[in-house]
Amino acid sequence: MCANEQSVQIKACIVGLAVLFPPNDKVTMMINMRNALCGGVVLAVLTLAACTSTTMMTSSSAMSARLSGASEVPPVSSNASGMVAANFDQQTNMLTWTVTYSGLSGPAKAAHFHGPAMDGQNVGVAVPLTGSLSSPISGSAALTSAQASELMAGMWYLNLHTEANPNGEIRGQLTAKR
């Protein structure tokens, strides 16, 4: 219940008071209007608080990364590019993802999330992507609390490895969508 519903409730409150306490004169009518408006303001504040708390309870964070050879450390000359679209549920610590790419020098041999590392740093594998590595790659993994904190701090990246680029051909740092 937000915006339009508040307006309807305030109007219903004013009409309801006028029916319950029909004005005998202008002074009584003004008092009834003042009381109705005060009640409407209280109702609007409570409704806004409910809308805000519902929004704050949303536990899902959309994340993304743009994959390129220039983002590898050291940079790799590649015509390949890709995207990671991910969603992180903060209540369950479940990360789900879809990775799309094109233009690799050959078939993807491995794909991993790495962390914790800032952009420009290399670090070990945090979560390997399993199954088919053909684009698109979809999957999910439950993260530990430490991994969740690192991910939300922007300290995870994904890269795709090929035979020609065994250390990674394209890479991108995951960031929360704003």
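Scroll up a little and you will see the structure.
If you're wondering where the values come from, they're calculated on a predicted model, not measured in any experiment.

Participant: Sorry if this is basic, but what is going on with the overall build of the chain here?
Facilitator: Tallying secondary structure elements over the chain gives 3 helices and 9 strands in all. Relative to its 178 residues, the chain shows a buried fraction of 34%. Partitioning the contacts of the chain with sequence separation of at least 6, the portion at a separation of at least 24 is 63%. Here the chain displays about 10,300 Å² of accessible surface, and carbon together with sulfur accounts for 61% of that area.

Participant: Hey, could you run me through the nonpolar core in this one?
Facilitator: With 28 residues, the main nonpolar core has L95, W97, V99, F113, L129, L158 and L174 as its most contacted residues. Looking at this core, the elements that each hand over two or more residues are β1 (60-68), β2 (81-89), β3 (94-102), β4 (108-114), β6 (137-142), α3 (145-152) and β7 (157-162). Ranked by residues supplied to this core, first place goes to β3 with 4 residues.

Participant: Where do I start with the packing of aromatic side chains in this structure?
Facilitator: Scanning the entire structure with this criterion turns up 2 aromatic pairs. Between W97 and F113 the ring centres are 5.0 Å apart and the planes differ by 70°, which places this aromatic pair in the edge-to-face class. With a gap of 16 residues between them, W97 in strand β3 and F113 in strand β4 connect regions that are remote in the sequence. Pair check on accessibility: W97 and F113 agree, each one buried. Ring geometry for F113 and W156: centres 6.0 Å apart, planes at 35°, overall tilted. A residue pair is termed long-range when its members are at least 10 positions apart, and F113 in strand β4 and W156 in the loop between α3 and β7 qualify at 43 residues. Per residue, the accessibility class of F113 equals that of W156, and both read buried. Grouping aromatic residues by their ring pairs yields a cluster made of W97, F113 and W156. R171 extends its terminal NZ or CZ atom over the ring of Y157, reaching a point 3.4 Å from the ring centre.

Participant: In this structure, what is going on with the environment of G154? I would like to understand it.
Facilitator: Tracing the chain through its elements places G154 in the loop between α3 and β7. As a C-alpha pair, G154 and D119 span 35 residues in sequence and 8.7 Å in three-dimensional space.

Participant: What is the right way to look at α3 in this model?
Facilitator: Given 3.6 residues per turn, any residue in an α-helix points the same way as the ones three and four places further on. Of the positions making up α3, those classed as buried are Q147, A148, E150 and L151. Seen end-on, α3 carries its buried residues on one side only, within an arc spanning 165°. In the stretch just after α3, G154 is the one whose phi turns positive, near 80°.

Basis of the calculations
- Chains are numbered independently. Their residues run from 1 in the order of the written sequence.
- Per-residue local features are limited, in this predicted model, to residues with pLDDT of at least 70; the limit for side-chain atom pairs, both in listing and counting, is 80 or more; totals at the level of whole chains, interfaces and linings are taken over all residues.
- Note that the side-chain values use all heavy atoms of the structure and ignore hydrogens as well as water.
- For helices the rule is a DSSP run of H or I covering at least 4 residues; for strands it is a run of E covering at least 2, with both sets numbered from the N terminus onward.
- Note on classification: 1.4 Å probe, protein chains only; a residue is buried when its accessible area is under 20% of the maximum for its type, exposed when over 50%, partly exposed between these limits.
- We call two residues contacting when some pair of their heavy atoms lies within 4.5 Å.
- The protein chains shown are the only cover counted for residues, whose accessible areas, like all others here, come from Shrake-Rupley with a 1.4 Å probe.
- Buried residues of nine kinds, namely Ala, Val, Leu, Ile, Met, Phe, Trp, Tyr and Cys, make up a nonpolar core once their side-chain atoms join them within 4.5 Å.
- Two rings from Phe, Tyr or Trp (for Trp, the six-membered ring) form a pair when their centres sit within 6.5 Å of each other. Planes less than 30 degrees apart are called stacked, planes more than 60 degrees apart edge-to-face, and all others tilted.
- Lysine and arginine charges are scored as sitting over a ring when NZ or CZ, respectively, is within 6 Å of the ring centre and within 35 degrees of the ring normal.
- Along the arc lie the directions from the helix axis toward the C-beta atoms.

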